[in-house]
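# Close look at the chain arrangement
The chain contents come next:
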Amino acid sequence: MKAKETLIPRREEPVNHAAPPTAAASVVGISKRFGKTSVLENISFDVAEGEVLVLLGASGSGKTTILRIIAGLEMPYTGKVILHGKDVTELPARERGVGVIFQSYALFPKMTVEKNIGYGLRIRKRRRKEIKQTVDELLSLVQLDEHRKKYPSQLSGGQQQRVAIARTLAYKPEVLLFDEPFGALDTQTRVHLRREIRALLKKVNVPAIFITHDQEEALELGDRVAVLNVGHIEQIGTPFQIYNQPATEYVATFLGAANVLDAVVRQDFIEVGSAQIPKTFDKDEFKAGDCVKIVFRPEDVSLSRNDFLRPGYARLATAIIDEVTFIGAYERLRLRLERAAGEECKTLESPYYLTTETPDREPTKWIIATRPKPEASTTRLHVGERVVVALTSFTVLRRQGTRGAN
């Protein structure tokens, strides 16, 4: 059945006409091997002055190795590290001007807050007046002036993290590196602190690189996010681009929940089972008959009890509600698609839904939908009920991972 309404135009990120900022830190063609095992392959990216770049990836993706190479704690097999136009690849860590903030904070337990912050300046033989002035400025910047005489054991985890950042900022590093800095904190403290840290970094205007496996953290902290997968950068872009315009299936399913279904390109529509969703394709990128996949987020799914579709919605299929879960701000529904026979690509792969918490491949064609609390409260849906599934947005991916225009 053909959709009754044309799918809404793809969501666009606000256009920024400003000139691209100059790179303050660059990683160029970095590769790394441990023995015969390759852990990084041809990694390249730039970080502008004052920009926050988040390296997001699962354990073993290579993000920590990148951080250690920039810091000078590991040597690359190939490639260069450039800071403010200077090649520092061969320089030892102490001469790079790089500040590293670890998850453990590494504060001196027998030193007060102000002495911890001033420690780096003291070992660099700075004048006492300069040390005092710098410490006073940093205590005000991280909002810890009233705690200056306390010891680390008397501070909360978030306060200790701010001391660690102030201590690193004291000697004016060329770039800041954060090694999963919020991992030891509880959820509420992490949310509060990362907002504080982002605001702080914008004040000091120092390029910063975070590594994390937390998707929400990456979206909230980063001006840009680089998604890593087994030593390769799958995609690098703004949080908006990474989430709404994923370049590969891995990016789509790693960064939040996503639904993935097989599809076939036709002349002026995309065929998903028996559904025909209007779609204009770039003829140089896609040809009629191409086997592709469509990716859509749970919030891009609309559910109704009848075939009436609002403008901007395209009918996908009917489905049976298998599970309804109350999450708080929204309701999550697990749906089993009822799909009439239609031409599909021959593949050994099964369409699947994957979340960041419980990666899972499903042999049946299931999808996940979410509804905000006002909608869920107004129109109650129940397990076993048949509903019409429509889409408001989706992304087309080649099977090899190349993204098509949405």
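Read on for an overview of the structure. (Residues numbered from 1 in each chain as written. Predicted model: local features only at pLDDT ≥ 70, side-chain atom pairs only at ≥ 80, totals over all residues. Heavy atoms only, no water.)

### What to know about the overall build of the protein
Selection rule: A helix here means a DSSP run of H or I that spans at least four residues, while a strand means a run of E at least two residues long, and both kinds are numbered starting from the N terminus. Classification of residues uses two cut-offs on accessible area relative to the type maximum, computed with a 1.4 Å probe and protein chains only: under 20% is buried, over 50% is exposed, and between them is partly exposed. Contacts: residue pairs with any heavy atoms within 4.5 Å of one another. For accessible areas, the Shrake-Rupley method is used with a probe of radius 1.4 Å. Any residue's cover is judged against the shown protein chains and nothing else.
Looking only at helices and strands, the protein features 9 helices and 22 strands. Buried positions account for 51% of the 406 residues belonging to the protein. The long-range share in the protein, meaning contacts at least 24 apart out of those at least 6 apart in sequence, stands at 71%. Total accessible area on the protein is roughly 20,100 Å²; 50% of this is exposed by carbon and sulfur atoms.

### What to know about the packing of aromatic side chains
In plain terms, the rule: Between 30 and 60 degrees the pair is tilted, below 30 it is stacked and above 60 it is edge-to-face, where a pair is any two Phe, Tyr or Trp rings, Trp via its six-membered ring, whose centres lie within 6.5 Å.
Within this structure, the stated rule accounts for 3 aromatic pairs. With 4.6 Å between their ring centres and 55 degrees between their planes, Phe 108 and Tyr 119 make a pair best called tilted. A residue pair is termed long-range when its members are at least 10 positions apart, and Phe 108 in the loop between β6 (98–102) and α2 (113–123) and Tyr 119 in helix α2 qualify at 11 residues. Among the residues examined, Phe 108 registers a relative accessible area of 30% and is labelled partly exposed.

### Quick notes on empty space enclosed by the protein
Heads up, the condition is: Using a grid of 1 Å spacing that covers the protein atoms alone, one calls a set of points a cavity when a 1.4 Å probe fits there but cannot get out, and a pocket when the set is open and has protein on both sides within 12 Å along at least five of seven lines; lining residues are those with an atom within 4 Å of a point. Grid points are joined across faces, edges and corners, and a volume is the space filled by probe spheres set on the points. Charged means Asp, Glu, Lys or Arg here, nonpolar means Ala, Val, Leu, Ile, Met, Phe, Trp, Tyr, Cys or Pro, and polar covers whatever is left, Gly included.
Within this structure, the stated rule accounts for 1 cavity of 30 Å³ or more. Lining the largest cavity are 11 residues, and of these Asn 244, Val 295, Arg 297, Asp 300 and Thr 395 sit closest to its centre. When contributions to the lining of the largest cavity are tallied by element, the ones reaching two or more residues are α7 (239–244) and β14 (291–296). When its residues are assigned to classes, the lining of the largest cavity shows 5 nonpolar, 3 polar and 3 charged.

### Here's the deal with the sheet that holds strand β16 (residues 314–326)
Just so we agree on the cut-off: A strand pair is defined by DSSP finding two or more bridges across the two strands. Only the stretch in contact is used when a helix axis is fitted, and all axes are lines through C-alpha atoms; the angle between N-to-C directions ranges over 0 to 180 degrees.
What the 5 strands build is an open sheet, ordered β15-β20-β16-β17-β19; its pairing is antiparallel. Of all strands in the sheet, those bounded by a partner on one side alone are β15 (301–304) and β19 (366–372). Taking each pair of neighbouring strands and ignoring which way they run, the sheet shows an average axis angle of 45 degrees. Pairing of β16 with strand β17 (residues 330–338) involves 8 bridges; the strand directions are antiparallel. Residue pairing in the sheet places Phe 326 in a bridge with Glu 331 of β17.

### Digging into the packing of α2 against helix α3 (residues 128–141)
For clarity, the threshold we go by: Each angle receives one of four descriptions, namely roughly parallel if under 35 degrees, roughly antiparallel if over 145, roughly perpendicular if within 65 to 115, and oblique otherwise. Left-handed is the label given to a crossing in which the near helix is rotated counterclockwise from the far helix by less than a right angle, and right-handed is the label when the rotation is clockwise.
Taken N-terminus to C-terminus, the directions of α2 and α3 make an angle of 130 degrees; their axes are 9 Å apart at the nearest point. When the axes of α2 and α3 are compared, the pair comes out oblique. Helix-helix and strand crossings are classified by hand; for α2 and α3 the assignment is right-handed. Each of Val 113, Glu 114, Ile 117, Gly 118, Leu 121 and Arg 122 in α2 lies in contact with α3, whose residues at this interface are Ile 131, Thr 134, Val 135, Leu 138 and Leu 139. Across the contact of α2 with α3, the residue classes break down as 7 nonpolar, 2 polar and 2 charged.

### Side note on the pairing of β14
Most of β14 is tucked away: 5 of the 6 residues are buried. Relative to β14, strand β11 (residues 258–265) runs antiparallel, the two sharing 6 bridges. Across the sheet, residue Asp 262 finds its bridge partner in β14, namely Lys 293.

### Some details on the pairing of strand β7 (residues 175–179)
The element β7 is largely enclosed, with a buried count of 5 among its 5 residues. Both faces of β7 are covered, namely the face carrying Val 175, Leu 177 and Asp 179 and the face carrying Leu 176 and Phe 178. The pairing of β6 with β7 spans 5 bridges and is parallel. Across the sheet, the residue bridging to Ile 101 is Phe 178, located in β7. Bridge count between β7 and strand β8 (residues 208–212): 4 bridges; the pairing is parallel. Note that in β8 the partner of Phe 178 across the bridge is Phe 210.

### Observations concerning the nonpolar core
For the record, the criterion: In these notes, a set of buried Ala, Val, Leu, Ile, Met, Phe, Trp, Tyr and Cys residues joined through side-chain atoms within 4.5 Å is what counts as a nonpolar core.
The biggest cluster of nonpolar side chains holds 41 residues, and the ones touching the most others in it are Ile 117, Leu 176, Phe 178, Ile 197, Leu 201 and Phe 210. A per-element tally of this core places helix α4 (residues 157–169) first, with 5 residues. With 29 residues, the next largest nonpolar core counts Ile 270, Ala 314, Leu 391 and Val 396 among its residues.

### What about the environment of Ile 82?
Within the element layout of this structure, Ile 82 appears in strand β4 (residues 78–83). Here Ile 82 is in contact with Ala 24, Ala 25, Ser 26, Val 28 and Asp 87, once residues within four sequence places are set aside.

### Things to note about the packing of α4 against helix α5 (residues 187–204)
As a packed pair, α4 and α5 sit with axes 10 Å apart at the nearest point and diverge in direction by 20 degrees. By the criterion of interaxial angle, the relationship of α4 to α5 is roughly parallel. Pair α4 / α5 crosses with right-handed handedness. When α4 is examined against α5, the residues Gly 158, Gln 161, Arg 162, Ile 165 and Leu 169 are found in contact with a partner set consisting of Thr 189, Leu 193, Glu 196, Ile 197, Leu 200 and Val 204.

### A word on the layout of surface pockets
Estimated volume of the second largest pocket: approximately 550 Å³. Considering the residues around the second largest pocket, the lining is formed by 24 residues, among which Val 98, Gly 99, Val 100, Arg 124 and Tyr 171 are closest to the centre. Those elements giving two or more residues to the lining of the second largest pocket turn out to be β6, α2 and α4. It is β6 that provides the largest number of residues to the lining of the second largest pocket, a total of 5 residues.

### A closer look at the sheet that holds strand β2 (residues 37–48)
Taken together, 4 strands build an open sheet; the order of strands is β2-β1-β4-β5 and the sheet is antiparallel. Two strands in the sheet have a free side with no partner beyond their single neighbour: β2 and β5 (86–87). Direction of pairing for β4 relative to β5: antiparallel, over a ladder of 2 bridges. Each residue of the ladder has a partner; that of Ile 82, found in β5, is Asp 87.

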